[in-house]
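Here is what each chain is made of, one letter per residue.
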Amino acid sequence: MNGIMKHSFLVLSATAVALLVAPIVARAQRVEAQLVPGGGEQLMALANRARAENGAGPLRWDPQLAEAARRHTLLMAQEGPIAHRYGGEDGLSDRAGKAGAHFSLIEENVAVGPSPAQIHDMWMHSPGHRSNLLNPEVNRVGIAVVRARGVLYATADYSRAVQQLSRTDIERRIEDLIRVSGLSIYQGEASARAACMTNSGMPTSHGGRQAMFVMRWQSGSLDELPEALRKRLTSGQYRMAAVGSCPAQGVQGDFSAYRVAVLLYQ
């Protein structure tokens, strides 16, 4: 039996799908449950083999996700029937956040089966679980496998990780992307940071220069600039840019994101 769950900071609802109906097991006393050494790593290796065969990048082990998965899997072993959430338990994103993970998208597969290999096979033959496992948008995983009741319980938490960077580090990464377009970087961080804190309007001039264009955005990635900004950078209208970062706005729960403002000058 398996279950799936998916969250991102752009998606406000989640679903859980059960492939089979599990027997109701009364929890009269605490069940002996033991973490299976190497079980999570075996499932990650199988997942990465499948991802390579399907053109997706490899998953890296995330100890914070693994801790969240461990706690949930031990709870599943005590409860009997598997689920993504039990009464009194935090939801997926809260569990991962409290374990120290930072992410912009998070998904979960759960299962009960006889071995890690057979659990992987079940996930690969279920469309929802297969989609989570092969999702090219995720790059981290934490997995726990627990032995109890004569079977194995497993939880795999997949995420798109958001690296925790200082304000200056965020700004330097965006500046490097801007330099590719040939613009110079203007030391106007104060104005750009002030613009980052607002949602509209043109910031006041800094050092005698007035910005002619401002772009604000937030994302879980610093790999590329917004398309509208790239078009401005290659338009030939501007010679300099200033970059400022600030805390993300309106991010749900434990999700993480970068917020940036870029000012363009003629």
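Given the structure is predicted, the values throughout are model-derived calculations rather than measurements.

Peer 1: Teacher, can you tell me more about unusual backbone geometry here?
Peer 2: In most cases, non-glycine residues show a negative phi, while peptide bonds are predominantly trans. The backbone phi angle of R149 is positive, close to 60 degrees, even though this residue is not glycine. With respect to the helices and strands, R149 occurs in the loop between strand 5 (140-148) and strand 6 (151-161).

Peer 1: Please clarify how the pattern of salt bridges should be interpreted in this entry.
Peer 2: A side chain of one charge can pair with a side chain of the opposite charge when the charged atoms of the two come close. Throughout the structure, instances matching the rule amount to eleven salt bridges. Two residues, R71 and E67, come together in a salt bridge whose shortest N-O distance is 2.8 Å. Placement of both R71 and E67 in helix 2 (residues 63-79) is noted, with a separation of four residues, approximately one turn of the helix. Classification of R71 by relative accessible area gives partly exposed; the value is 46%. We note a salt bridge from R179 to D176, for which the minimum N-O separation is 3.0 Å. Residue R179 and its partner D176 are both found in helix 6 (residues 167-179); the two are separated by three residues, about one turn of the helix. The partly exposed category is assigned to D176, whose relative accessible area is 47%.

Peer 1: Please explain the sheet that holds strand 8 (residues 213-219) as it appears in this structure.
Peer 2: Across a sheet, strands are paired by hydrogen bonds formed along the backbone, either parallel or antiparallel in direction. The four strands lie next to each other as 7-9-10-8, forming an open sheet whose pairing is mixed. A single partner strand is all that each edge strand has here, and the edge strands are strand 7 (184-185) and strand 8. Those strands touched by helix 6 are strand 7, strand 8, strand 9 (240-246) and strand 10 (258-265), and its axis lies near 150 degrees from that of strand 9.

Peer 1: Explain the confidence of the model for the protein here, please?
Peer 2: Detailed reading of the predicted coordinates is not advisable wherever pLDDT falls low. The pLDDT averaged across the protein works out to 88; a share of 88% of its residues lies at or above 70. For residues 7-28, every residue scores under 50 in pLDDT, and the model assigns this stretch 42 contacts once sequence neighbours within four places are set aside.

What counts, and where the lines are drawn
Sequence order as written defines the numbering, with residues in each chain counted from 1. Restriction of local features to residues with pLDDT of at least 70 applies here, the model being predicted, together with a cutoff of 80 or more for giving and counting side-chain atom pairs; totals for whole chains, interfaces and linings are based on all residues. Computation of side-chain values: all heavy atoms of the structure, hydrogens and water removed. Under the DSSP-based scheme used, a helix requires at least four consecutive residues in state H or I and a strand at least two consecutive residues in state E, with every element numbered from the N terminus. A side-chain nitrogen of Lys or Arg and a carboxyl oxygen of Asp or Glu constitute a salt bridge if their distance falls within 4 Å. Type-normalised accessible area, obtained with a 1.4 Å probe on protein chains alone, sets the label of each residue: buried when under 20%, exposed when over 50%, and partly exposed for intermediate values. Here, any two strands with at least 2 DSSP bridges between them count as paired. Whether two residues touch is decided by their heavy atoms; if any such pair falls within 4.5 Å, the residues are in contact. A fitted line through C-alpha atoms represents every axis, and for helices the fit uses only the stretch in contact; the resulting angles, taken between N-to-C directions, go from 0 to 180 degrees. One confidence number per residue, pLDDT, is output by the predictor and ranges from 0 to 100.

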